[in-house]
Amino acid sequence: FDGLTLDPATRTVQRRTADGMAPVELTSTEFDLLHLLACDPGKVFSRDDILEKLRGRSAEDIHSRAVDILVSRLRRKLEPLNCIKTLRNAGYTFAGVRA
């Protein structure tokens, strides 16, 4: 994607900086979330969808705000890129542009 490289084989992420590409240190769950969203850009994933795909459980088992916190941490690590969008009352989507 423009400004972002995701390699599922090595589970690494790099983002463009003023000096070129720099690695982004992500937790396993942060990588899984980014990979989930980036595999289907533009698709809206609800909190329930994300929890089921990442944890294999319904949102009833885990407080759904956990997804909001995870997205917030991931966004912070990807700054200044703004590739994860919130769709109010719907969920999250990846808005990166393929390079």
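In this report, the structure presented in the accompanying data block is examined. (Residues numbered from 1 in each chain as written. Predicted model: local features only at pLDDT ≥ 70, side-chain atom pairs only at ≥ 80, totals over all residues. Heavy atoms only, no water.)

An ideal rise of 1.5 Å per residue puts 20 Å on 14 residues; helix H3 (residues 65–78) measures up with 20 Å between its terminal C-alpha atoms. All of the buried residues in H3 are Val 67, Asp 68, Leu 70, Val 71, Leu 74 and Leu 78. Seen end-on, H3 carries its buried residues on one side only, within an arc spanning 165°. On its buried face, H3 sits against strand E1 (4–7), strand E2 (12–17), helix H1 (28–39), helix H2 (47–55), strand E4 (84–87) and strand E5 (91–94). (Helix = DSSP H or I, 4+ residues; strand = E, 2+ residues; numbered from the N terminus. Expected span 1.5 Å × (residues − 1). Buried < 20%, exposed > 50% of the residue type's maximum accessible area, 1.4 Å probe, protein only. Arc of directions from axis to C-beta. Contact = heavy atoms within 4.5 Å.)

Here the focus is the environment of Phe 94. Mapped onto the elements, Phe 94 comes out in strand E5. By relative accessible area, which is 2% here, Phe 94 ends up buried. C-alpha separation for the pair Phe 94 and Gln 14, spaced 80 residues apart in sequence, amounts to 16 Å. Residues contacting Phe 94, with those up to four places away along its chain left out, are Phe 1, Leu 4, Leu 34, Leu 37, Ala 38, Pro 41, Gly 42, Cys 83 and Ile 84.

With that out of the way, let us pick up unusual backbone geometry. Between Glu 79 and the following residue, Pro 80, the backbone shows a cis peptide bond with an omega angle of 10°. Following the sequence through the fold, Pro 80 ends up in the loop between H3 and E4. The backbone of Arg 11 shows a phi angle near 55°, a positive value even though the residue is not glycine. Secondary-structure assignment places Arg 11 in the loop between E1 and E2. Phi at Asn 89 is positive, roughly 65°, even though this residue is not glycine.

The next point concerns the environment of Thr 10. The residue Thr 10 is located in the loop between E1 and E2 in this model. Residue Thr 10 is classed as partly exposed on the basis of its relative accessible area, which comes to 47%. Residues Thr 10 and Leu 26 lie 16 residues apart in sequence; the distance between their C-alpha atoms is 12 Å. One polar contact links Thr 10 to Asp 7, side chain to side chain, over a distance of 3.1 Å. (Polar contact = N/O pair within 3.5 Å; in protein donor to acceptor, adjacent residues only side chain to side chain.)

Once that is clear, we can look at the pairing of E4. Two strands pair when backbone bridges link them, and E4 and E5 are joined in this way by 4 bridges, in the antiparallel orientation. What sits directly across from Ile 84, in E5, is Phe 94. Taken together, E4 and the strand that follows it, E5, pair antiparallel across an intervening segment of 3 residues, in which Asn 89 is found at a positive phi of about 65°. (Pairing = 2+ DSSP bridges.)

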